[in-house]
There are 2 protein chains.
Amino acid sequence: MNDIKENVIRAKSASITLSAVSTKTKDNALNAMANALDSFRNDIIKANAKDMDAAAKMKEKGELSDAMVKRLKVNDEKINGMILGVKDVVELKDPVGETISTMELDDDLILYQVRCPIGLLGVIFESRPDVVPQIMSLCLKSGNAVVFKGGKEASNTNKILFDVLSSAAYKAGIPEGSFCLMETRDDVSSILKMNDQIDLLIPRGSNEFVSYIQSNTKIPVLGHSAGICHVYVDEFADIEKALNVSLDSKIQYPAVCNAVETLLVNKKISKKFLPKMTDLFVKNGVEIRADKRAMDIIGDKKAKNAKGSDWDEEYNDMIISIRTVDSLDEAIEFINIHGSKHTDSIITENKINALRFVNLVDSSSVFVNASTRFSDGFRYGKGAEVGISTNKIHSRGPVGMEGLMIYKYIIIGNGHVVKDYAGKDAKSFTHRTLKKKFRI
Amino acid sequence: MNDIKENVIRAKSASITLSAVSTKTKDNALNAMANALDSFRNDIIKANAKDMDAAAKMKEKGELSDAMVKRLKVNDEKINGMILGVKDVVELKDPVGETISTMELDDDLILYQVRCPIGLLGVIFESRPDVVPQIMSLCLKSGNAVVFKGGKEASNTNKILFDVLSSAAYKAGIPEGSFCLMETRDDVSSILKMNDQIDLLIPRGSNEFVSYIQSNTKIPVLGHSAGICHVYVDEFADIEKALNVSLDSKIQYPAVCNAVETLLVNKKISKKFLPKMTDLFVKNGVEIRADKRAMDIIGDKKAKNAKGSDWDEEYNDMIISIRTVDSLDEAIEFINIHGSKHTDSIITENKINALRFVNLVDSSSVFVNASTRFSDGFRYGKGAEVGISTNKIHSRGPVGMEGLMIYKYIIIGNGHVVKDYAGKDAKSFTHRTLKKKFRI
């Protein structure tokens, strides 16, 4: 326990130095990290084989799902992906030190708002070792230190990835101790309590996992626990677009958070739309759970009756619930109650309805005539993704490196005192916006 | 309890409608609110008199401090201030709907990042009734609904201010229920539990009060519990500037969070600087608590020996602690450990030292040759201040209306599906930054 705390305090202290490391040193370190992944690929694959052996046994006992075992596997192709990922971050613009705004307060008294790293981040993830190079490179470029805690099932792989990457970074001039790996299960509960050291937690894993983290710490958490996305087919929808977008939103990759779970259909278009839609779903192996009015149209051969709980469930599977609504406003209200503020899409040719949907649906991503599956950092052009956030503050939706940044206010004066700006004969502030970038 | 929850759920639901109210309606409502304050000024002062009577009795029993009683008082002048404050908000630019960024993802597929309100805010404050018009007007303009809970000692004043302002706003077209006032002490603990409804808490009051709120809720909290600010007098300081800035930082208004509590002095300048500085402090009635090396210079007639606890104390009073440091880096490290990430200032003519201080002091405001007292929303040109935040995420330092905003991502497509951008023969994203403002 003391070791852990010491390491975290060391990382916190390193985060201060790291915040001022030059772009050149950081990019050199990233290139060194990419090279190290290449040089040590056999050792990494060997360490991963140990985890895979243990995982196979756990799978037999039913302790690990098939999906988790797949995500655990590291081969040459995955290492190539990691290397490319790290190199991509070299190309991202260094956000540290960027001047956000400049204001002259008075002669010789200038206020700058300058972008800076958040500080020390805690990244807790389940079996998916590629999180280590991805997050470590994003944090390094953005000047943040990181405490990692990975799943037990990936411990050998995480350990070697962490060692290879952090040694390469330190050799290239990154402050020693900037990265720290926690190895035991007890470490998680320690991390959750370190609200004096850790500035932001980023959990990556199942909904239950993220939800547990959110409920057991005072540290701000960036992420989402659920992805209950909707497609609403408006009375003014183009039927072809509605069919294509709904199908894609469901089946293009059903296991992920931005897949649609509930299809809302305006009653004025349901007779025309639902028979075609359900045929398409059935043909593609999607199970349908529908409300009574939809069932009357679909018939009980192709669909089951939805239960109350269906409207709040994230299937992450080839299942969709379908519900009839009387109006656009009913759809909006339903989404705001049953959705998870993740991604919701309207299919309509009516601009007024589209605008009302976009304005009033309280989700991080709201789409018009596009698949919910577009909700993703890579597709949004962010280069690399930290995760998707359903928070209402700081960062929302797909979060790139910008989500790891905050700012500080800097005033450069010349001996200025507040007493001169108070009382009678007070001097006035000029409050003039300047284009000038911060420099001393 | 049920009533409270119902009101909060109603406010949450009103927040959705409020988020899309036009600038014109909001500005009309703000003007109506300013007029209502003027029309009802006698009733407001009468209601305040009741609170003042009760407060006088509480003061006699020692249950209320002199400062709190002073802050409670509402007279014509204070009402004029409130009216001006509300009118100032009319002049602020409406941030809702502002396009932050636009990116073409592909032909006819455009991603917009658009500013929107956070949703429902909880404002909990101690006796200072001017918080009601100030926060209500800022929230209204930024499209956020609010749940208020004021101190018991100001209950009559808060109630009439709330009624006068919210009636005027609703009559002018603001959605009914957007504002809600909690009146009993039990209500606070209910508010703290409503993390499903309330998106952000803004506590205004004593350090203990804010600290209690931060420790007892899962809702994100915007604010600061302590204001331990430092002035560091570098070896390359201009003595005159050091004297003026240190004195102003301490005595210009010692009771507030941005007053300095600890003066750090480089040993290379202490013999030259400290005798003049301490004379000035003593002349102005400031009590000095100094470390041993400083005491050797000052002598024990003018100062007391500092205790260990002095370095972590927010005096909010005419007391200053003085400590000698060997180097700039020792000063930086000391501030990062003992400061509260609020505001810290270096006095130096050396640009390299100034830059190092500014880069490595992990505070929301870092100054060069300027009084810590400049750390304030009005002085920063924000027009109106929500509070000062020492958070590391979302908003930091003096927070204006921008701190009440978040964004949503909007995609306008034309039936686009992700399957076209996946697998072999995948289409590429164009990811072209556009200047275009959001519109449908």
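Since we're looking at a predicted model, the values are computed, not measured.

Analysis parameters
Residues numbered from 1 in each chain as written. Chains lettered and ligands numbered in written order. Predicted model: local features only at pLDDT ≥ 70, side-chain atom pairs only at ≥ 80, totals over all residues. Heavy atoms only, no water. Helix = DSSP H or I, 4+ residues; strand = E, 2+ residues; numbered from the N terminus. Contact = heavy atoms within 4.5 Å. Areas by Shrake-Rupley, 256 points an atom, 1.4 Å probe, with all protein chains shown as cover. Lys, Arg positive; Asp, Glu negative; His and termini not counted. Charge placed at Lys NZ, Arg CZ, Asp CG, Glu CD. Buried area = accessible area lost by both parts, 1.4 Å probe. Salt bridge = Lys/Arg side-chain N within 4 Å of Asp/Glu carboxyl O. Polar contact = N/O pair within 3.5 Å; in protein donor to acceptor, adjacent residues only side chain to side chain. Nonpolar A, V, L, I, M, F, W, Y, C, P; charged D, E, K, R; others polar. Pairing = 2+ DSSP bridges. Least-squares fit on C-alpha atoms with pLDDT ≥ 70 in both. Buried < 20%, exposed > 50% of the residue type's maximum accessible area, 1.4 Å probe, protein only. Right-handed = clockwise from strand over helix to strand, strands pointing away.

Undergrad: Now, about the overall build of chain A: what can you tell me, with residues and values included?
TA: For chain A, the count of helices and strands is 14 helices and 17 strands. Its C-alpha atoms give chain A principal-axis dimensions of roughly 75 × 70 × 35 Å. Sequence-distant contacts in chain A: of pairs separated by 6 or more residues, those separated by 24 or more amount to 73%. Within the structure as shown, chain A displays about 18100 Å² of accessible surface, and the carbon and sulfur contribution to it stands at 48%. Of the charged side chains in chain A, 61 are positive and 59 negative; the average position of the first set lies 2 Å away from that of the second.

Undergrad: Give me the lowdown on the interface of chain B and chain A, citing residues and values where you can.
TA: On the side of chain A, 74 residues touch chain B, which itself brings 74 residues to the contact. Note on chain B versus chain A: buried area summed over both sides is about 6200 Å², and carbon and sulfur give 64% of it. Where chain B touches chain A, the interface holds 2 salt bridges. In this structure, the salt-bridge partner of B:D199 is A:K392, at a minimum N-O distance of 3.8 Å. Counting the contacts that link chain B with chain A gives 43 residue pairs in polar contact (both at pLDDT 80 or more). Every element with two or more residues in the side of chain B that touches chain A is listed here: α1 (2-18), β1 (99-106), β2 (109-117), α10 (239-251), α14 (351-360), β13 (365-370), β15 (397-399) and β16 (405-416) of chain B. With 11 residues, β16(B) is the largest single contributor of residues to the side of chain B that touches chain A. A class-by-class count of the residues in the side of chain B that touches chain A yields 38 nonpolar, 22 polar and 14 charged. The pairing of strand β16 (residues 405-416) of chain A with β13(B) spans 5 bridges and is parallel. Across the sheet, A:I411 pairs through a bridge with B:F367, a residue of β13(B).

Undergrad: With reference to specific residues and values, describe the environment of A:V123.
TA: All names here are of chain A. Along the chain, V123 turns up in strand β3 (residues 120-125). Separated by 79 residues in the primary sequence, V123 and I202 have C-alpha atoms spaced 4.8 Å apart. In this view, V123 contacts V131, I135, V146, V147, F148, K149 and I202; residues no more than four positions away in its chain are not counted.

Undergrad: Let's hear about the relation of the copies chain B and chain A: which residues, and what values?
TA: For these two chains of identical sequence, chain B goes onto chain A by a turn of 180 degrees and a shift of 0.0 Å along the axis, with RMSD 0.1 Å. The operation mapping one copy onto its partner corresponds to a two-fold rotation axis. The rotation axis passes nearest to the C-alpha of B:H394 in chain B, at a distance of 2.0 Å. Residue by residue, 100% of the interface of chain B is reproduced at the interface of chain A, so both copies engage with the same surface.

Undergrad: Run through unusual backbone geometry, naming residues and quoting values.
TA: Although it is not a glycine, A:N316 adopts a positive phi angle of roughly 50 degrees. By secondary structure assignment, the location of A:N316 is in the loop between β10 (304-305) and β11 (319-325).

Undergrad: Describe the pairing of strand β3 (residues 120-125) of chain B, listing the residues and the values that go with them.
TA: Residue and element names in this part refer to chain B. Among the 6 residues of β3, 6 are classified as buried, and the element is accordingly described as predominantly covered. Pairing of β3 with strand β4 (residues 145-149), which is carried by 5 bridges, proceeds in the parallel orientation. Bridged to L121 within β4 is V146. Tracing the backbone out of β3, into helix α6 (residues 131-141) and back to the parallel element β4 gives a crossover that is right-handed.

Undergrad: Please give an account of the pattern of salt bridges that cites residues and values.
TA: Overall, the coordinates contain 54 salt bridges over all chains when judged by the stated rule. A:R293 is the salt-bridge partner of A:D326, the closest N and O atoms lying 2.7 Å from each other. Of the two residues, A:D326 sits in the loop between β11 and α13 (328-338) while A:R293 sits in helix α12 (residues 292-298), which places them 33 residues apart along the sequence. Note on A:D326: relative accessible area 35%, which makes it partly exposed. Taking the relative accessible area as the measure of exposure, A:R293 reaches 36% and is therefore partly exposed. A:K341 serves as the salt-bridge partner of A:D362, at 3.2 Å between the closest nitrogen and oxygen. Remark: A:K341 occurs in the loop between α13 and β12 (343-347) and A:D362 occurs in the loop between α14 (351-360) and β13 (365-370); sequence separation between them is 21 residues. Given the relative accessible area of 21%, A:K341 is considered partly exposed. Several salt bridges share partner residues, and in doing so they unite A:K12, A:D199, B:K341, B:D362, B:K392 and B:R396 into one network.

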